[in-house]
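In case you want the letters, here they are:
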There are 2 protein chains.
Amino acid sequence: MFDPADTGLNTLLGKIKEIVESNEIRRLPKIPKGTRDFGKEQMAIREHAFSIITNVFKRHGAVALDTPVFELRETLMGKYGEDSKLIYDLADQGGELCSLRYDLTVPFARYLAMNNINSLKRYQIAKVYRRDNPSKGRYREFYQCDLDIAGQYKVMEPDFEVINVLTDLLDELNIGDYEIKLNHRKLLDGMLEICGVSSDKFRTVCSSIDKLDKQSFEQVKKELVEEKGLGIETADKIGQLVKKRGPPLEILSDLKGKDSPFLGNNGSLLALNELEILFKALEKSKCLKKIVFDLSLARGLDYYTGVIFEAVFKGAAQVGSIAAGGRYDNLVGMFSGKQVPAVGVSLGIERVFTILEQLEKENKVIRATETQVLVAILGEDLSLAAELVRELWDAKIKADFSLNKRIRNHIDRAVESGIPLVVFIGESELISGTFKLKNIESHQEDEIRREHFTEEIKKRLNMV
Amino acid sequence: MFDPADTGLNTLLGKIKEIVESNEIRRLPKIPKGTRDFGKEQMAIREHAFSIITNVFKRHGAVALDTPVFELRETLMGKYGEDSKLIYDLADQGGELCSLRYDLTVPFARYLAMNNINSLKRYQIAKVYRRDNPSKGRYREFYQCDLDIAGQYKVMEPDFEVINVLTDLLDELNIGDYEIKLNHRKLLDGMLEICGVSSDKFRTVCSSIDKLDKQSFEQVKKELVEEKGLGIETADKIGQLVKKRGPPLEILSDLKGKDSPFLGNNGSLLALNELEILFKALEKSKCLKKIVFDLSLARGLDYYTGVIFEAVFKGAAQVGSIAAGGRYDNLVGMFSGKQVPAVGVSLGIERVFTILEQLEKENKVIRATETQVLVAILGEDLSLAAELVRELWDAKIKADFSLNKRIRNHIDRAVESGIPLVVFIGESELISGTFKLKNIESHQEDEIRREHFTEEIKKRLNMV
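Procedures and definitions
Residues numbered from 1 in each chain as written. Chains lettered and ligands numbered in written order. Predicted model: local features only at pLDDT ≥ 70, side-chain atom pairs only at ≥ 80, totals over all residues. Heavy atoms only, no water. UniProt positions renumbered as here; feature names shortened; annotations may be inferred. Helix = DSSP H or I, 4+ residues; strand = E, 2+ residues; numbered from the N terminus. Rg over C-alpha atoms; globule rule 2.2 N^0.38 Å. Buried < 20%, exposed > 50% of the residue type's maximum accessible area, 1.4 Å probe, protein only. Contact = heavy atoms within 4.5 Å. Areas by Shrake-Rupley, 256 points an atom, 1.4 Å probe, with all protein chains shown as cover. Lys, Arg positive; Asp, Glu negative; His and termini not counted. Charge placed at Lys NZ, Arg CZ, Asp CG, Glu CD. Least-squares fit on C-alpha atoms with pLDDT ≥ 70 in both. Buried area = accessible area lost by both parts, 1.4 Å probe. Salt bridge = Lys/Arg side-chain N within 4 Å of Asp/Glu carboxyl O. Polar contact = N/O pair within 3.5 Å; in protein donor to acceptor, adjacent residues only side chain to side chain. Phe/Tyr/Trp six-rings, centres within 6.5 Å; stacked < 30°, edge-to-face > 60°. Disulfide = S-S within 2.5 Å. Pairing = 2+ DSSP bridges.

An unreviewed UniProt entry lists chain A under the name Histidine--tRNA ligase, cytoplasmic, with Apostasia shenzhenica as the source organism. Under the UniProt heading Sequence similarities (unreviewed entry), the entry covering chain A gives this text: "Belongs to the class-II aminoacyl-tRNA synthetase family." Under the UniProt heading Catalytic activity (unreviewed entry), the entry covering chain A gives this text: "tRNA(His) + L-histidine + ATP = L-histidyl-tRNA(His) + AMP + diphosphate + H(+)".

Right under this line is the structure:
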């Protein structure tokens, strides 16, 4: 006999329900690992951030550039050192071999070389692609906001401006206190020379030193000795020097002091002289207080040749770098054979979004649309809506319309979307030629004549 | 003996020169076939066009959405009919199989299904990818500007708005006279039914009919009979009906006339009633004059289910469609099993760029930057530049600086970039505390005191 209270049957039904539901869930589409959609609220935040960033870039006289999302594979090869394994390749479907861009710097250098351009200050805000582990809140598709200055200039002229761009960006985005760690590749190389490292090991030793922000010196020393083959004494010498870190002018005068080992090294001397010019200019432009001269900053990428820097948040909550950059005088020449010196900064915007999203959530509701008026037709007459809403659109008023018999539905919709004004038009309003206008926030109601419809609405929107 | 006038030697030298030069050229980097860079002038035009388009989209109350540039391959499969072969795949580097997006409509439908959204008016301006033949000025990476309205509405409510969006876009971009060909998939299917085509052949016959804008009916008839297996009589019947083309209300009253074969077909009747509501509303909103009711319009894509349309330029010079769209009520359901009706329009912006570029070239020089002041340091003192230009940046003035002893170089640079004001600071100016300010256009020269530097410049830029 069928007994709905039977435990066995209930268990069975429960299991069936589970399977059906899991099928339902499984049927929903997904997006690729490490990617994401930007819904309406995220887009509103993103547009806000981009407009701040674009304003800074334009204020500094940069022109916009856009390059294809994929490049010939040969363009990207040999530019990123160990990180090349993270490059996304397109499938070979016949024709050229292509890969998604990994950053915006290499495409910029390719663009300069291809078009024989010797001088350009450009910005680019675009997505880049890295097959990285997306587990730690990192994405595989993410935005970079870059400004680069290529060309022959007086010493430190563009380096100075690029760092000003960076402080302007972080100040105007207003996302928390930060400092900019700064070093010079030639000083770093000189330091390694002084410590007795052979020049063919400079880059690989640098990538070990670069880990000092996450690992202790003991760990890095182990790597230097066991993996990179340095002597213990050499590693300890390096350990002494990379400890130097502090206010730029203090560290600089220390490194230029009369017993400094750097005085006997030509590359280091050149670097120290450049840094002196840079620091003095940054002091005049009130950016120097943000700079920390840090001899342990090495930066992973192969292509840097001069000043290098990295902006990090102060305080425990914010981890990792938010922007970075430096000078790369040989990259363009790798494409064309003709050197064009260049320096640039790259802001990783994903962390900025996260912070802005948190701030916005705490502060206020974000409007995803800017609609100013809802034309609420109390019925189904599309032609009536057409006539009225067209008048508003022609007057460049952001207007939406809706066909619905129930006043409540129209008001709910306006409240939900933050639309400030609603005009109601039903049969009696059509006969009388007088429409009811409701201000959602003040609850004030008003009557306007059909013949002054657009004009009256413009008045209330302060558009007259 | 060596004779430089020797013809044989000259020929040889010429050949060597040729080879060396061709090697030089070969060494320059390239970008993938069918892609392009947007340099500073193109970017200025593009930003101008995007700002017009975004304004229209926002005026119509749409929210922004962004989706990843690649989707899971399964998301794109089975949506594009024969065109699927043009999809770019990512290489299989372990992990999921992905492909570059082919349009913005399928990702939009995937987004709605994935997030269980039943109603959304969204716009998206983004690049899409097609492995098409790039020979005819077409690109493999190109922008689409889409607005779609998903959700339950009164009959023709969103269809009406989408067509208004399209006329607003084309009117405000102001790129030439156009017309919008419009038809209805259910009318088309009804027509084929009336002509005796079996329903399993509707889609493939449609894609033949769609060629009527480029081929004669005789050519299309041949394809229908020989490739698609229709009878000659059936093909001729189709030929008679697809000829109908003209002002919407005239054609409509013809098709609804008492001897019309469409009256006996349910799908056609439904379509004709919808079109009547749509045309009347479009007449009220003054868009109907742009519409041509064209029974030969079929549109290639599989997913359309209702109103379909395509905007084309009038006149010989402009060929091909510039925008297109239609209703697709079943696409979201293909992902989630739950139907969400939707209608949208997609503007192909590449042709718009080409036209705008031509117009701009004829009319005026485009400024790629907005720089307002050049701080011209007559020497090499970076710190001096730093102090002055920082003041301007802090006042949100778009300022650039330059270190150069020669006045001429500064002026050349300002003229080239269209910078309206130049301030000169040399040694004597520093001593006197009075700087020379030059207005490039009027050639007027002025003196300003150091202590009123920023203030005086703001005055001249009308920023006070």
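The rest of the description comes next.
Points about the overall build of chain A
Within chain A one finds 17 helices and 16 strands. Over its C-alpha trace chain A gives a radius of gyration of 30 Å, far above what one expects of a compact globule, namely 23 Å for 464 residues. When the backbone C-alpha atoms are referred to their principal axes, chain A occupies close to 95 × 80 × 50 Å. For chain A, with 464 residues in total, the buried portion stands at 55%. Taking the contacts inside chain A whose residues are at least 6 apart along the sequence as the reference set, 67% of them involve residues at least 24 apart. Carbon and sulfur atoms make up 50% of the accessible area of chain A, which totals about 20,800 Å². Computing the positive centroid from 68 side-chain charges and the negative centroid from 72, chain A places the two 2 Å apart.

What to know about the relation of the copies chain B and chain A
To go from the first copy of the chain to the second, apply a rotation about an axis and then a shift along the same axis. The operation relating chain B to chain A is a screw motion whose rotation component is 180°, with 0.0 Å of axial translation and a residual RMSD of 0.1 Å. Between the two chains, the operation in question is that of a two-fold axis. Comparing interface residues between copies, 100% of those in chain B also lie at the interface in chain A; the contact surface is shared.

What about the interface of chain B and chain A?
Listed as interface residues are 95 residues of chain B and, on the opposing side, 95 residues of chain A. Taking both partners together, chain B and chain A bury about 8,100 Å²; carbon and sulfur atoms supply 57% of that area. Sorting the residues of chain B by area buried against chain A places Arg59(B), Asp66(B) and Gln93(B) first, and these three jointly supply 8% of that buried surface. Counting across the chain B and chain A interface gives 20 salt bridges. For Glu370(B), the salt bridge identified is with Lys58(A), shortest N-O distance 3.3 Å. Joining chain B to chain A, the criterion identifies 46 residue pairs in polar contact (both at pLDDT 80 or more). Sorting elements by how many residues they give to the side of chain B that touches chain A places helix α14 (residues 382–394) of chain B first, with 8 residues.

Notes on the packing of aromatic side chains
Applying the stated rule across the entire model yields 28 aromatic pairs over all chains. For the ring pair Phe38(A) and Phe353(A), a centre distance of 5.7 Å and an interplane angle of 75° mean the geometry is edge-to-face. A residue pair is termed long-range when its members are at least 10 positions apart, and Phe38(A) in the loop between α1 (7–27) and α2 (40–59) and Phe353(A) in helix α13 (residues 349–363) qualify at 315 residues. Taking relative accessible area as the criterion, Phe38(A) reaches 5% and is therefore assigned buried. The exposure class of Phe353(A) is buried, given its relative accessible area of 2%. On the basis of an interplanar angle of 35° and a centroid distance of 5.4 Å, the ring pair of Phe57(B) and Tyr123(B) is categorised as tilted.

Some thoughts on the state of the cysteines
Tallied over the full model, the rule gives 0 disulfides over all chains. Left unpaired, Cys98(A) is separated from the closest cysteine sulfur, that of Cys98(B), by 17 Å. The class for Cys98(A) is buried, based on a relative accessible area of 6%. Here Cys206(A) stays unpaired: no disulfide links it, and the sulfur of Cys195(A), its closest cysteine neighbor, is 12 Å away.

Some remarks on the pairing of strand β6 (residues 178–184) of chain A
Residues and elements named next belong to chain A. Buried residues dominate β6, accounting for 7 of its 7 residues. Because side chains alternate across β6, one face comprises the buried residues Tyr178, Ile180, Leu182 and His184, and the other comprises Glu179, Lys181 and Asn183, equally buried. Across 7 bridges, the pairing between β6 and strand β9 (residues 307–313) is antiparallel. For tyrosine 178, the partnering residue across the bridge sits in β9 and is phenylalanine 313.

Notes on the UniProt feature "binding site: L-histidine" (unreviewed entry) in chain A
All names here are of chain A. Following the UniProt record, the feature "binding site: L-histidine" (unreviewed entry) maps to Asp103, Leu104, Thr105, Arg130, Gln144, Asp148, Arg299, Tyr303 and Tyr304 here. Positionally, aspartate 148 belongs in strand β5 (residues 141–150). At 2.8 Å, the side chain of aspartate 148 and the side chain of arginine 122 are in polar contact. Residue placement: tyrosine 304 occurs in the loop between β8 (291–294) and β9. Ignoring any residue separated from it by four or fewer positions in sequence, one finds tyrosine 304 in contact with Arg185, Arg299, Gly325, Gly326, Arg327 and Tyr328.

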